[in-house]
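So you can see what is in the structure, the chains are spelled out below.
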Amino acid sequence: MATKIMHGNGRDIERVKNIVQVIGCEGREGDVANLARFQAFIDNRHHPHTFLRTMNYPIYLVLKKLQKTGSATREELVEAEGLDTSKLPIGNLVRELERLGLVEEKEGRVYLLGN
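Figured I'd write up the structure that's included with this text. Sequence positions are assigned chain by chain, starting from 1 and proceeding in written order. At least 70 in pLDDT is required for a residue's local features to be given in this predicted model, at least 80 for side-chain atom pairs to be given and counted, and no such filter applies to totals for whole chains, interfaces and linings, which use all residues. Values shown for side chains rest on all heavy atoms present in the structure; no hydrogens or waters enter the calculation.

### Structural notes on the nonpolar core
Right, on to step 1. We define a nonpolar core as any set of buried Ala, Val, Leu, Ile, Met, Phe, Trp, Tyr and Cys residues linked to one another through side-chain atoms lying within 4.5 Å. Only protein chains enter the accessibility calculation, which uses a 1.4 Å probe; a residue whose area is less than 20% of its type maximum is buried, one above 50% is exposed, and one in between is partly exposed. By size, the foremost hydrophobic cluster in this structure holds 17 residues, and its most contacted members are Val62, Leu66, Leu77, Leu83 and Ile90.
Right, on to step 2. Labels follow the DSSP assignment, with helices taken as runs of H or I lasting at least four residues and strands as runs of E lasting at least two, numbered in each case from the N terminus. Only α3 (57–69), α5 (90–99) and β6 (109–112) provide two or more residues apiece to this core.
Right, on to step 3. Per element, the largest residue contribution to this core is five residues, and it comes from α3.
Right, on to step 4. Any pair of residues with heavy atoms lying within 4.5 Å of one another is described as a contacting pair. Beyond its immediate chain neighbours, meaning those up to four positions away, Leu66 contacts Ser71, Ala72, Leu77, Val103, Val110 and Leu112.
Right, on to step 5. Within the second largest apolar cluster, ten residues are counted, among which are Val16, Ile19, Ala33 and Phe41.

What follows is the structure, encoded as structure tokens:
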């Protein structure tokens, strides 16, 4: 119950100061100010002042499909159960997984890394 998760709130100096104060990570104002989409700080007894990356549900659906297959084309990934690419194009989802270091796209296929 004492876990705090703070996502980015822009570079407003007062907001950054408030976030730093709430999670108790003085000296990391720059990190807090530069939190990007799907990034956050978590703070609790087990993980004090810890930076983390999160993923939205559509990205998870693509990752889950790749965990089953190991690799796939973008066309195959579009068929992931529950995925609606009319709202988030598959290219955006693949790029975010690449940024997270979970996949690599080459020669028309997306490969799950670490397999």
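### Here's the deal with the packing of aromatic side chains
Given two aromatic rings, their pairing is described by the distance between the two centres and the angle made by the two planes.
Right, on to step 1. The aromatic pairing rule takes the rings of Phe, Tyr and Trp, using the six-membered ring of Trp, and pairs them if the centres are within 6.5 Å, calling planes under 30 degrees apart stacked, those over 60 edge-to-face and the rest tilted. Scanning the model with the defined rule gives two aromatic pairs in all.
Right, on to step 2. When the centroid spacing of 6.0 Å and the interplanar angle of 70° are considered together, the rings of Phe41 and Phe51 count as edge-to-face. Taken as a pair, Phe41 in strand β2 (residues 39–43) and Phe51 in strand β3 (residues 50–53) lie far apart in primary sequence, ten residues in all.
Right, on to step 3. Note on Phe41: relative accessible area 0%, which makes it buried.
Right, on to step 4. Given the relative accessible area of 37%, Phe51 is considered partly exposed.
Right, on to step 5. Lying over the aromatic face of Tyr111, Lys106 brings its terminal NZ or CZ to 5.6 Å of the ring centre. We call a charge positioned above a ring when the Lys NZ or Arg CZ atom is no farther than 6 Å from the ring centre and deviates by at most 35 degrees from the ring normal.

### As for the environment of Lys64
Right, on to step 1. Within the secondary structure, Lys64 is located in helix α3.
Right, on to step 2. With a relative accessible area of 36%, Lys64 lands in the partly exposed category.
Right, on to step 3. Sequence-wise, Lys64 and Asp84 are 20 residues apart; in three dimensions their C-alpha atoms are separated by 15 Å.

### Let's talk about the sheet that holds β2
Right, on to step 1. Between any two strands, pairing holds if DSSP finds at least two bridges. Read across the sheet, three strands follow the order β1-β2-β3 without closing on themselves; strand pairing throughout is antiparallel. The open sheet has two edge strands, β1 (4–7) and β3, and neither has a second partner. Neighbour-to-neighbour, the strand axes of the sheet open up by a mean angle of 30°, direction not taken into account.
Right, on to step 2. Across four bridges, β1 lies against β2 in antiparallel orientation. Residue pairing in the sheet places His7 in a bridge with Ala40 of β2.
Right, on to step 3. To get an axis, fit a line to the C-alpha atoms, keeping to the stretch in contact for a helix; angles then go from 0 to 180 degrees between the N-to-C directions. Sheet contacts for helix α1 (residues 13–23): β1 and β2; angle to β1, the most-contacted strand, approximately 160°.

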